[in-house]
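# Report on the structure
Chain residues, written in single-letter form:
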Amino acid sequence: MSPYTVARAPRMRSFVKSTGAILTSCCLFILLQGCNTMPIVTRGVEEFNAAVKAHPRLLDNQHIYDVHLNARPVKPGNGVVLEDLVIRNLTLRDVQMRGALLKNVTFVDCKFIKADFSYSTFSNVKFIRGSMSGHAQPDSYEAYETTFKDVAIDRVLFDGVYIDKSVSTGFHGGIVVLRNVTTTQTPNKNTWLIGGSNLQIRVDNCKVFNQFLTSLAGTNNSLYVTNSVLSNADMIMDATTAWVENCDVHGIVPAATTLVVKNNRVHDITVLGRRDTGCRAFLTGNTYTASPADQGATIRLFYTKNKTTLDTSYLYLYADAPLPCRVAVQAGNVHIYDTEIDDLALRHLSFETNATSLNLENVKIKHADWERADVRGGRWQNVEIYPPVDLKTARFDNILGHNVRFPQGTPWVNGVLNIAESPTPLKFDRPPVPTLEETGLAQFWKEHDFPEETY
């Protein structure tokens, strides 16, 4: 045979590309172009592994179609094994490599179209540029997606990758870094970018629209997000530490033992509390916006499920600027300082919960929705409240005030809010915002981040 001859198997459907690769649902035939050797014919996982090990550049510029190279049984190390490789311009389409073991592998400018790496193990795996997608099916994702279901990892990097719809991830127990990643998703689709459990995640300079940035189980998670656009992009997880800085934020931020949301442009945000370990959440230096066309923009503070209180969760909103939107306080101990609020909503009875305490200092409340409030305590100092404030079914206990003013007269309607007046100024809990070093994230990512590389 010449170096460009392709070996064919009888009675097997095949797909031929000019690169010299034929791949079928049963066998894989690979021709080494430009080599004075016979074509390598692989008839299963073992021969595929042997071929790639013998020729590390074998998969460069290949198009692999409609092939199943799964572990039997499906467990890591029993299937495809790729180690110590840089693979360039590879396209996998309708390819299964379930139970694969990938170690020290870098994919550069590769395309994954309905590729299945379920139940695999990834160790120091990098995806540089390229794209991931499924088939274009508008309503049925599962049968058409590229999937990384139940993949055990230690370190995985996505850098400059374009991630289209129908991509599902389920990573467990390691580090995930996303840089310069762009996603596309239609609104109201219940999908996520990074799913799994017990992950340490770093996100920088990414654009995520209309899908969860994270959807994680487990409690040993952390998240560090900077310089990104998160539009309708929820961050669902129980985390030890979460830090979001210099981003456009629209969505849910994590329930974290320590949470810092700092110097962002915020439009409609929900902060989740933790009832298992309690938490401290800090919102500081942010710019809050609400467009006239979107009257539903809201800052939701310690949103939680019905009949849940968060007595050991504390939130500190250091606004230092007006809040031109609705601020909804649902549970926990909430502290709001130095701001003017367009609309302060307390609707605890609607959610069958209560606020453990609501503490206000240097706050002007232009409109109040309090008829279903249930607040069990709080300190209010240098507070202005404007009418009308409906107290129809509201409950307020143990409110201590100093210099609480009603510039347009007593605001109460359908009841009276009793505020015990303190003759002397009150003391408030104003803890400093933790630094990145104090959270441990600075040192962790100094030690574990992927270095910048050029490919």
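To be clear, the structure that these remarks concern was listed above.
Attention here is on the structure that accompanies the text. Just so it is clear, the model here is predicted, and its values are computed rather than measured.

### Remarks on the environment of N418
- Along the chain, N418 turns up in the loop between β42 (412-413) and β43 (420-421).
- Along the backbone, N418 and L400 are 18 residues apart, and their C-alpha atoms lie at a distance of 9.0 Å.

### A closer look at the pattern of salt bridges
- Applying the stated criterion across every chain yields a total of 24 salt bridges.
- Its salt-bridge partner being D94, residue K114 comes within 3.8 Å of it at the nearest N-O pair. Within this pair, whereas K114 is found in strand β9 (residues 111-116), its partner D94 is found in strand β7 (residues 91-96), the two being separated by 20 residues in sequence.
- In this structure K114 comes out as partly exposed when scored by relative accessible area, which is 27%.
- The class for D94 is partly exposed, based on a relative accessible area of 23%.
- For the salt bridge of K364 with E340, the shortest nitrogen-to-oxygen distance reads 3.7 Å. Linking K364 in strand β35 (residues 355-365) with E340 in strand β34 (residues 332-345), this pair joins segments that are 24 residues apart in sequence.
- A relative accessible area of 26% places K364 in the partly exposed class.

### So, the packing of aromatic side chains
- Following the criterion strictly, the structure yields 23 aromatic pairs and no others.
- Seen from their ring centres, F107 and F112 are 5.3 Å apart, and the 80° between their planes marks the pair as edge-to-face. Side by side, F107 and F112 carry an identical accessibility label, which is buried.
- Measuring from ring centre to ring centre gives 5.9 Å for F148 and F171, while their planes differ by 40°; the resulting arrangement is tilted. Of this pair, F148 sits in strand β12 (residues 146-153) while F171 sits in strand β15 (residues 167-172), placing them 23 residues apart in sequence.

Quick notes on the rules
- Residue indices follow the written sequence of each chain, beginning from 1 at its first position.
- In keeping with the predicted nature of the model, local features appear solely for residues at pLDDT of at least 70, side-chain atom pairs appear and are counted solely at 80 or more, and the whole-chain, interface and lining totals rest on all residues.
- As a rule here, side-chain values cover all heavy atoms of the structure and leave hydrogens and water aside.
- Think of it this way: any DSSP run of H or I at least four residues long counts as a helix, any run of E at least two long counts as a strand, and we number them from the N terminus.
- Take a side-chain nitrogen of Lys or Arg and a carboxyl oxygen of Asp or Glu: if they are within 4 Å of each other, that pair is a salt bridge.
- Three exposure classes are used, based on accessible area relative to the maximum for each residue type with a 1.4 Å probe and protein chains only: buried under 20%, partly exposed in between, and exposed over 50%.
- The rule is short: rings of Phe, Tyr and Trp, with Trp giving its six-membered ring, pair when the centres are within 6.5 Å, and they are stacked under 30 degrees, edge-to-face over 60, tilted in between.

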